[in-house]
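# Geometric and topological summary
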Amino acid sequence: QKEVEQNSGPLSVPEGAIASLNCTYSDRGSQSFFWYRQYSGKSPELIMFIYSNGDKEDGRFTAQLNKASQYVSLLIRDSQPSDSATYLCAVRPGNTGKLIFGQGTTLQVKP
Amino acid sequence: DAGITQSPRHKVTETGTPVTLRCHQTENHRYMYWYRQDPGHGLRLIHYSYGVKDTDKGEVSDGYSVSRSKTEDFLLTLESATSSQTSVYFCAISETGLVSTEAFFGQGTRLTVV
């Protein structure tokens, strides 16, 4: 089992809809969780991070964390064509300093 | 943008030859990482460093070695390149390994082994 798992997609949503991206992780000692966005041919860039159970909102983005279920999600409200990218979930397991990524979910927002 | 420079940006090499990729940072961050990215696999951690001369293995370390003799430089070496090591390689840096610390990425190096 991979340490961090995501559905590779593609996930296709119409413009203006809510996109929901999901991620599960295997290490219960994981303490922090990151969402990165990567446009084709570019480097990953951080969207937001979360380390407490519950929701964290930043503009159109909401990260949700449920440590009991080992599940983290990213909601994108009012999706725009410019949101079309690959979204990577990353986890810091325990106190190792490692940063482990899932395989990424490709999001397509159609006008 | 975080001061991270990867070199070279593109390289084509032959099977069996040694290859070294360089990551240089100007941020004085303690942690440095090497990842490879292949279709369907996301980013996979090869090796990381938590200080000068302090390194550890990641998920896919076989066939790779690293060295960090200065805070600002982290080198990834393929001792004898194979076609399976054709990939895009990303370096990342992080100020600490603490839970809330994000990582910043370099521009990537596209390596082709023929």
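Residues numbered from 1 in each chain as written. Chains lettered and ligands numbered in written order. Predicted model: local features only at pLDDT ≥ 70, side-chain atom pairs only at ≥ 80, totals over all residues. Heavy atoms only, no water.

Across its full length, chain A holds 0 helices and 11 strands. For chain A, the sequential pattern of α-helices and β-strands runs β-β-β-β-β-β-β-β-β-β-β. Expected size for 111 residues packed as a compact globule is a radius of gyration near 13 Å; at 13 Å, chain A falls within 12% of this value. Expressed along its principal axes, the backbone C-alpha trace of chain A runs to roughly 40 × 30 × 20 Å. Residues counted as buried form 44% of the 111 residues belonging to chain A. The long-range share in chain A, meaning contacts at least 24 apart out of those at least 6 apart in sequence, stands at 55%. As displayed, chain A offers around 5,000 Å² of accessible surface, 45% of which is attributable to carbon and sulfur atoms. Charged side chains of chain A number 11 positive and 10 negative; the gap between the two group centres comes to 5 Å. (Helix = DSSP H or I, 4+ residues; strand = E, 2+ residues; numbered from the N terminus. Rg over C-alpha atoms; globule rule 2.2 N^0.38 Å. Buried < 20%, exposed > 50% of the residue type's maximum accessible area, 1.4 Å probe, protein only. Contact = heavy atoms within 4.5 Å. Areas by Shrake-Rupley, 256 points an atom, 1.4 Å probe, with all protein chains shown as cover. Lys, Arg positive; Asp, Glu negative; His and termini not counted. Charge placed at Lys NZ, Arg CZ, Asp CG, Glu CD.)

Before going further, it helps to spend a moment on the packing of aromatic side chains. All told, the structure shown has 14 aromatic pairs over all chains when counted by the stated rule. Between the aromatic rings of Y25 of chain A and F33 of chain A, the centroid separation amounts to 4.7 Å while the plane-to-plane angle is 45°, which identifies the pairing as tilted. Comparing Y25 of chain A with F33 of chain A shows no difference in burial state: the two are buried. Plain terms: the ring middles of Y48 of chain B and Y50 of chain B are 6.3 Å apart, the flat faces sit at 50° to each other, and that makes the pair tilted. Of the residues examined, Y50 of chain B reaches a relative accessible area of 28% and is grouped as partly exposed. Here the aromatic cluster, defined as three or more aromatic residues joined through ring pairs, consists of Y36 and F101 of chain A together with Y31, Y33, Y35, Y48, Y50, F90 and F105 of chain B. (Phe/Tyr/Trp six-rings, centres within 6.5 Å; stacked < 30°, edge-to-face > 60°.)

Before going further, it helps to spend a moment on the interface of chain B and chain A. The interface is formed by 26 residues belonging to chain B together with 22 residues belonging to chain A. Buried surface at the junction of chain B and chain A, summed over both partners, amounts to about 1,800 Å²; 55% is from carbon and sulfur atoms. Taken together, the connections running from chain B to chain A amount to 0 salt bridges. Put simply, chain B and chain A have 8 residue pairs in polar contact (both at pLDDT 80 or more) between them. Mapped by element, the contributors of at least two residues to the side of chain B that touches chain A are β4 (31-38), β5 (42-51) and β9 (87-94) of chain B. (Buried area = accessible area lost by both parts, 1.4 Å probe. Salt bridge = Lys/Arg side-chain N within 4 Å of Asp/Glu carboxyl O. Polar contact = N/O pair within 3.5 Å; in protein donor to acceptor, adjacent residues only side chain to side chain.)

Another point: the sheet that holds strand β8 (residues 71-76) of chain A. Strand-to-strand pairing in sheets goes through backbone hydrogen bonds, with the strands running parallel or antiparallel. Taken together, the 5 strands give an open sheet; going across it, the order is β1-β3-β8-β7-β6 (chain A), and neighbouring strands pair in antiparallel fashion. Of all the strands in the sheet, just β1 (4-5) and β6 (54-58) of chain A have a single pairing partner and so form its edges. (Pairing = 2+ DSSP bridges.)

The next thing to look at is the state of the cysteines. Tallying each qualifying case throughout the model produces 2 disulfides over all chains. Residue C23 of chain A pairs covalently with C89 of chain A via a disulfide, S to S 2.1 Å. Across the S-S bond linking C23 of chain A and C89 of chain A, the dihedral sits near -70°, which makes this disulfide left-handed. Taken together, the residues C23 of chain A in strand β3 (residues 19-25) and C89 of chain A in strand β9 (residues 85-92) connect sequence positions 66 residues apart. Note that C23 of chain B is cross-linked by a disulfide to C91 of chain B, the S-S spacing being 1.9 Å. (Disulfide = S-S within 2.5 Å.)

Right, let's talk about the environment of R92 of chain A for a bit. Mapped onto the secondary structure, R92 of chain A falls in strand β9. For R92 of chain A, a relative accessible area of 1% corresponds to the buried category. When the C-alpha positions of R92 of chain A and K67 of chain A are compared, they lie 13 Å apart, and in sequence the two are 25 residues distant. For R92 of chain A, the side chain forms a polar contact with the main-chain oxygen of G97 of chain A, separated by 2.9 Å. Within the local environment of R92 of chain A, its side chain forms a polar contact with the side chain of S94 of chain B, the two groups lying 2.9 Å apart.

By themselves these figures say nothing about function.
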